[in-house]
Amino acid sequence: MTKLPVLYQNNPQFRAVYEGVCANGTVTALGLIGSKHSFLVKSLFEQHSNTTIWILNNKEEAAYFLNDLEVLLPNPPLFYPSSYRRPYNIEETDNANVLLRAETLQKLKEHTKQLVVTYPEALFEQVLTPKELKRKTLSINKGDELSIDFVNETLFEFGFNRVDFVAEPGEFAVRGGILDVHSFSHDEPFRIEFFGDEVDTIRTFDVTSQRSIQLHEQVKILANIEQKENTEKRQSLLSFVSENTLVCVQNKSIVAAELDALFKFAQKEFEKLSGEIKRQPPKELFIDGKTFTSGLEPLPQVHFSSAKKTPSLVFSCQPQPHFKRKFDWLAEHLTENTEQQRAN
């Protein structure tokens, strides 16, 4: 398996795709089949100096190719899902997905090179601006003079729930001079021990065994960024990322059409709301197909379906034959392909 990604990495057509992006800003790669998309995206990510975002047509497709990339890459890509929220229905939020979204935004804000896999429903929800994200982040360093009561009040403001024992993102517990908190931007919860008003130790711990995992010098506690407040400023994910972010789009037309359908549904839900509860209108919380398309324009792009006025490279790919567990057929097929490659 280790030789296969290297073989594809040295594929001259893969290099040509990236060279086309550098020269023209946008390139269309046609004729790819199945997991060859994943090999190309891996190659583009490794050639590019900044973050790469791969936008698939739907959640199922995103999960399929995410699995490919988890096998191909030494460090797993980031999955950016929807928060499973119906527009204007605050009860339908999945904390695990809020965590994944928050983790992605935190890493993008830090300008670290990442590979992000996402789909229309996730892009549909606007994200906090970097300024708002900073306002909803509490940084605690070892040695800080900090009142545990102040942290307690801040966590309530951030939308956290106080519980006896922390079990999932968005919860915290206080026992004497010990604060357990599970931020929306970390997989493991943190245990912060105070000596009076001084932060003595910070460590991650396992929820089940309660055993410490790793010591830390700092923790950044992020609020529930999917709670919509009337005072917040939000923007699309594509306007949140840096201008050198490479965007791979499976099918621009399908993504834009899905965003338009979602936006129309959000408008209908907004019209049903009671006037007693003031909520932000859809244009402040969500994006439509037009916003998505305009957000793409300034970014370098690779499309996997026909795009107007875009240089194209066509790959000659064939579907994998069905070997029906006959390994002699598989061996023969591989031998023929190897000999054909040498002849070329």
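Residues numbered from 1 in each chain as written. Predicted model: local features only at pLDDT ≥ 70, side-chain atom pairs only at ≥ 80, totals over all residues. Heavy atoms only, no water.

### Considering the overall build of the chain
At step 1: When helices and strands are tallied, the chain shows 13 helices and 17 strands.
At step 2: Within the chain, buried positions represent 47% of all 344 residues.
At step 3: A separation threshold of at least 6 residues defines the contact pool for the chain, and within that pool the share at least 24 residues apart is 71%.
At step 4: Total accessible area on the chain stands at roughly 18,300 Å², and carbon and sulfur atoms take up 50% of it. (Helix = DSSP H or I, 4+ residues; strand = E, 2+ residues; numbered from the N terminus. Buried < 20%, exposed > 50% of the residue type's maximum accessible area, 1.4 Å probe, protein only. Contact = heavy atoms within 4.5 Å. Areas by Shrake-Rupley, 256 points an atom, 1.4 Å probe, with all protein chains shown as cover.)

### A closer look at the sheet that holds strand 16 (residues 301-303)
Strand pairing within a sheet occurs via backbone hydrogen bonds; the two strands may be parallel or antiparallel.
At step 1: Strand order in this open sheet of seven strands is 3-4-2-15-16-1-17, and the pairing throughout is parallel. Two strands in the sheet have a free side with no partner beyond their single neighbour: strand 3 (78-79) and strand 17 (312-314).
At step 2: Along the sheet face, helix 2 (residues 12-24) touches strand 1 (26-30), strand 15 (246-249), strand 16 and strand 17 and points at about 155 degrees away from the line of strand 1. (Pairing = 2+ DSSP bridges. Axes fitted to C-alpha atoms, helices over the stretch in contact; angles between N-to-C directions.)

### Examining helix 8 (residues 148-157)
At step 1: The complete set of buried residues in helix 8 reads Ile148, Val151, Asn152, Thr154 and Leu155. Buried positions in helix 8, seen along its axis, are confined to an arc of 165 degrees and lie on one side of it. Looking at helix 8, the residues exposed on the side facing more than 90 degrees away from the buried face are Asp149, Glu153 and Glu157.
At step 2: Residues of helix 8 that are buried sit in contact with strand 6 (137-141), strand 7 (161-162), strand 8 (171-175), strand 9 (178-181), strand 10 (190-195) and strand 13 (218-222).
At step 3: Where helix 8 begins, one side-chain oxygen reaches toward the backbone nitrogen of Asp149, 3.1 Å away; that side chain belongs to Ser147. (Arc of directions from axis to C-beta. Polar contact = N/O pair within 3.5 Å; in protein donor to acceptor, adjacent residues only side chain to side chain.)

### A look at the pattern of salt bridges
At step 1: Taken as a whole, this structure holds seven salt bridges when the rule is applied.
At step 2: Here Lys272 ties to Glu269 by a salt bridge, and the two come within 3.3 Å at their closest N and O atoms. Of this pair, Lys272 and Glu269 both sit in helix 10 (residues 252-272), three residues apart, roughly one helical turn.
At step 3: Residue class for Lys272 comes out exposed when judged on its relative accessible area of 63%. (Salt bridge = Lys/Arg side-chain N within 4 Å of Asp/Glu carboxyl O.)

### A few points about the nonpolar core
At step 1: Core analysis: the biggest nonpolar cluster contains 84 residues, and Ile140, Ile192, Phe292, Val302 and Phe304 have the highest contact counts within it.
At step 2: It is helix 10 that contributes the most residues to this core, six residues altogether.
At step 3: The contact partners of Phe292, leaving out residues within four places of it in the chain, are Ile55, Leu123, Leu238, Val249, Lys252, Val255, Ala256, Leu259 and Ile287. (Core = buried A, V, L, I, M, F, W, Y, C linked by side-chain atoms within 4.5 Å.)

### With respect to the packing of aromatic side chains
At step 1: Under the defined criterion, the tally for this structure stands at seven aromatic pairs.
At step 2: When the centroid spacing of 4.5 Å and the interplanar angle of 5 degrees are considered together, the rings of Phe124 and Phe286 count as stacked. Here the residue Phe124 occupies a position in helix 6 (residues 120-124), and Phe286 occupies one in the loop between helix 11 (282-285) and helix 12 (289-296), the gap between them amounting to 162 residues.
At step 3: For Phe124, a relative accessible area of 5% puts it in the buried group.
At step 4: Taking relative accessible area as the criterion, Phe286 reaches 5% and is therefore assigned buried.
At step 5: A connected cluster of aromatic rings, assembled from ring pairs, spans Trp54, Tyr64, Phe65 and Phe304.
At step 6: The ring of Phe45 has Lys113 sitting right over it, with the charged end atom 4.8 Å from the ring centre. (Phe/Tyr/Trp six-rings, centres within 6.5 Å; stacked < 30°, edge-to-face > 60°. Lys NZ or Arg CZ within 6 Å of the ring centre and 35° of its normal.)

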